[in-house]
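Working through the structure, step by step
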Amino acid sequence: MEGSETHMADLLIGGFIMLGAALVMVLIFRRFGIGAVLGYLIAGILIGPQGLGLITNGETILEFSEIGIILLLFIVGLELAPARLMRLKNAIFGLGLSQVVLCGIALFLLIKLTTEFSWGAAIALGLPLALSSTAQVLPMLQSSGRLNTPTGEKAFSILLFQDLSLIPMLTIVAALSRAPAEEGALPGYLVAIYGILAIGGLILAGRYLLQPLLKIIGKFAERELFIVAGLVAVLGSAALMELIGLSPALGAFIAGVMLANSPYRHELEADIDPFRSLLLGFFFLAVGMMLDLNVIAENTGFVFGAAFLLVAVKITLIFGVGKLFGMPTYPALAMGMLLSQGGEFGFVLFAEAEKSLLIDPSANSLFGAVVTISMATTPFLMLLAQRFNTGINPASTNLDDPSNADRASVIIVGQGRFGQTVSQMMQGARISLTLIDVKPEQIDIHEQFGVKVFYGDGTRVDLLRRAGADEADAIVFCIDDQEFGAERMKAIRHSFPNAKILVRVYDRRQLIDLKGLGVVGMKRELFESAIYLAKQAMHSLDVDHDLIEEADREFRDRDCERLEAQMKADGDMFAGSELRYTPENPKPE
């Protein structure tokens, strides 16, 4: 009994030390706009066995915290419906394949030509260095609202292919192994077959088991059951992949994709995201704890020189690949900076290379330190990328979360030209507002005028809930987002049934998509201004005033009739086309 009490005390004290160190260091680094990852790494170094020695079991913490990477890939999968994933296939297998192959070959040759490592060791060290840190880059893209931008999608596509390439790399290391073969190990072709069968099984289970289960849970309205169901899905999928020798993160990603079309995906994302954030923090703490400072001290020049070369080579090659695939210069350069570090899977592959007798433990520690140092450069590179206005900005000290806002009657999402006009009009009527925008540069401009705008993606249910949408009378979406459609609107209406929803829509297609979902007001963004300009033009031509007003009324009536016809025809844009005026078919005299 006494032993268990001592163990519990050690556990509580260890948790207090880790969380306390992380809290202090992350706050310091956030204060200077550097980001959380470097704060976690430094905190891990300080409390780890090579620092103050307060925590000594870094390997155990690392294994446990890898669940954070699994949850991260699950949440990313939730945002990628199969149709969108198919749209990204060219980027995944074009950009992703090119980046892994080019960087892997270049880094292998660099190690072989500049060191005394054997061919097998150079391959086992060079290929893993081609991989970037999913655990570092994806949260950075998500927190800055850049994951769904063109540059963010391309960076994600590369990261996804890198995760998929873990299996071929493990196979290559196994093929080069000098160690005796393990009994009962599956050959590579069987692993591939089992993987395909497992993916198919997961998709079927998601559609015919998990989706009906979520509907049942939705009827009970028990939020903790959503958490349980989500964790069952993600951990079960990850465990299945682990059992057959594939990446557990890949299984979690597939679990997310198969739930991406579920109306409950936003609830799942909101409930699981705190677990993901905490465990990813522990992951980087553990990486910092395991950093061998003695190896760095004895090989300072090599470690920092190799980390510099790794970052420089990857920036150059990823920039070149981006340009080859038609990206503009600055976004391609930003993507190179964003993906320039080594990744967490490098630690896995270095350990496998050591087991295979391709490298010795000192080389494993040496290159593990190189990967860690390269991770520490990313926040600084993103500060540099911000100067290029590349669209991938690090966290800013001015970006307040909507949870800090006072409760208001109306939440306005989007503070561009459209949203500014809406908010000015409503403030003129003394209506209390909470303003939200996803663009840091837009928020900075408002700050200069003394207007407080909170940061975040206002189409996410969890963020709207933090902003007080449960108590708001109305939510007005003023965003220029053509992909803001029925799926997200259903989730918002389901989560906030008492709030009136109004939407700025891009065109009639988006209007038709949102029709009938309980939206009380929609307006095409250029509709009224175009009508007004046409009327001004006719006035300048001295057209009779009554004829102008008649043309206005008739155009609006015909437009409404066309919309009704198009909705009845399931969005066919040619329906009701006979109602349109054309040069060949003008209004009769």
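Here the structure is shown first, and the text comes after it.
Remarks on the overall build of the protein chain
- Per the secondary structure count, the protein chain includes 24 helices and six strands.
- Counting the 589 residues in the protein chain, one finds 49% classified as buried.
- Look at the contacts in the protein chain between residues 6 or more apart in sequence, and 72% of them connect residues 24 or more apart.

So, the pairing of strand 2 (residues 433-437)
- Within strand 2, five of the five residues are buried, which leaves it mostly tucked inside the rest of the structure.
- For strand 1 (residues 410-413) and strand 2, the ladder comprises four bridges, and the chain directions are parallel. What sits directly across from I411, in strand 2, is T434.
- Crossover strand 1 to strand 2 through helix 18 (residues 417-428) is right-handed.
- Taken together, strand 2, helix 19 (residues 440-448) and strand 3 (residues 454-455) constitute a β-α-β crossover, and its handedness is right-handed.

Examining the packing of aromatic side chains
- In the structure shown here, the tally under the stated rule is seven aromatic pairs.
- Look at F117 and F367: their rings are 5.9 Å apart centre to centre, the planes differ by 65 degrees, and that puts the pair in the edge-to-face class. A residue pair is termed long-range when its members are at least 10 positions apart, and F117 in the loop between helix 5 (89-114) and helix 6 (119-129) and F367 in helix 17 (residues 361-387) qualify at 250 residues.
- Relative to F367, the ring of F302 lies with its centre 5.9 Å away and its plane at 80 degrees, an arrangement referred to as edge-to-face. Taken as a pair, F302 in helix 14 (residues 300-324) and F367 in helix 17 lie far apart in primary sequence, 65 residues in all.
- What makes F367 buried here is its relative accessible area of 3%.
- Here a set of aromatic residues connected by ring pairs shows up, and it is made of F117, F302, F350 and F367.
- Taking NZ or CZ as reference, K452 lies 5.6 Å from the ring centre of F454, over its face.

Some details on the pairing of strand 1
- The two faces of strand 1 match: V410 and I412 on one face and I411 and V413 on the other face are all buried.
- By the bridge criterion, four bridges tie strand 1 to strand 4 (residues 474-477) in an arrangement that is parallel. Bridged to V410 within strand 4 is A474.

What to know about the nonpolar core
- By size, the foremost hydrophobic cluster in this structure holds 49 residues, and its most contacted members are I47, L129 and L285.
- Here this core gets nine residues from one element, more than from any other, and that element is helix 17.
- The contact partners of L129, leaving out residues within four places of it in the chain, are L107, I111, L310, K314, F350, F367 and V371.
- With 39 residues, the next largest nonpolar core counts M140, L166, V257 and L339 among its residues.

Some remarks on the pattern of salt bridges
- Per the counting criterion, the structure on display carries nine salt bridges.
- For K523, the salt bridge is made with E528, and the minimal N-O distance between the two is 3.1 Å.
- In this structure, a network of salt bridges that share partners links the residues K523, E528, K535, E549, D552 and R556.

Some words on empty space enclosed by the protein
- This structure, assessed with the given rule, holds two cavities of 30 Å³ or more.
- Looking at the second largest cavity, its volume works out to about 40 Å³.
- Elements with a contribution of two residues or more to the lining of the second largest cavity: helix 6 and helix 8 (150-176).
- When the residues that make up the lining of the second largest cavity are grouped by side-chain class, the tally is nine nonpolar, no polar and no charged.

Some thoughts on helix 14
- The end-to-end C-alpha separation of helix 14 is 36 Å, in line with the 36 Å expected for 25 residues at 1.5 Å each.
- Buried residues of helix 14: V303, A306, A307, L310, V311, K314, I315, I318, V321 and G322, and no others.
- Just downstream of helix 14, G326 is the residue with a positive phi angle, here 85 degrees.

Here we look at the sheet that holds strand 4
- Taken in spatial order, the six strands make up an open sheet running 3-2-1-4-5-6, and their pairing is parallel. Sheet topology places strand 3 and strand 6 (521-524) at the edges, where each strand pairs with a single neighbour.
- Across the sheet, helix 21 (residues 486-495) touches strand 4 and strand 5 (500-505), and the angle it forms with strand 5 is around 160 degrees.

What counts and how
Per chain, the residues get numbers from 1 upward, laid out in the order the sequence is written. The model is predicted, so local features are restricted to residues of pLDDT at least 70 and side-chain atom pairs to those at 80 or more, both for listing and for counting; the totals for chains, interfaces and linings are taken over all residues. Calculated side-chain values reflect all of the structure's heavy atoms, with hydrogen atoms and water omitted. Where helices and strands are cited, they refer to DSSP runs of H or I of at least four residues and of E of at least two residues respectively, numbered from the N terminus. Burial classes follow relative accessibility: with a 1.4 Å probe on protein chains only, a residue under 20% of its type's maximum area counts as buried, one over 50% as exposed, and anything between as partly exposed. What makes two residues a contact is simply this: any of their non-hydrogen atoms within 4.5 Å. In this analysis, strands are considered paired if DSSP registers two or more bridges between them. Viewed with both strands pointing away, a crossover whose connecting path from the first strand over the helix to the second turns clockwise is right-handed. A pair of aromatic rings is counted whenever rings of Phe, Tyr or Trp (Trp by its six-membered ring) have centres within 6.5 Å, and the orientation is called stacked for planes under 30 degrees apart, edge-to-face for over 60 and tilted otherwise. Working rule: Lys NZ or Arg CZ, within 6 Å of ring centre, within 35 degrees of ring normal, means a charge sits over the ring. The set of buried Ala, Val, Leu, Ile, Met, Phe, Trp, Tyr and Cys residues whose side-chain atoms join them within 4.5 Å is what this entry labels a nonpolar core. By definition, a salt bridge exists where a carboxyl oxygen of Asp or Glu is found within 4 Å of a side-chain nitrogen of Lys or Arg. A cavity, in this analysis, means grid points on a 1 Å lattice covering only the protein atoms where a 1.4 Å probe fits yet has no way out; a pocket is instead an open set bounded by protein on both sides within 12 Å along at least five of seven lines, and a residue lines either one if it has an atom within 4 Å of a point. Grid points are joined across faces, edges and corners, and a volume is the space filled by probe spheres set on the points. Under the scheme applied here, ten amino acids are nonpolar (Ala, Val, Leu, Ile, Met, Phe, Trp, Tyr, Cys and Pro), four are charged (Asp, Glu, Lys and Arg), and all others, including Gly, are polar. Any helix carries an expected span of 1.5 Å times its number of residues minus one. For helices, the fitted axis covers only the stretch in contact; all axes are lines through C-alpha atoms, and the angles between them, taken along N-to-C directions, range from 0 to 180 degrees.

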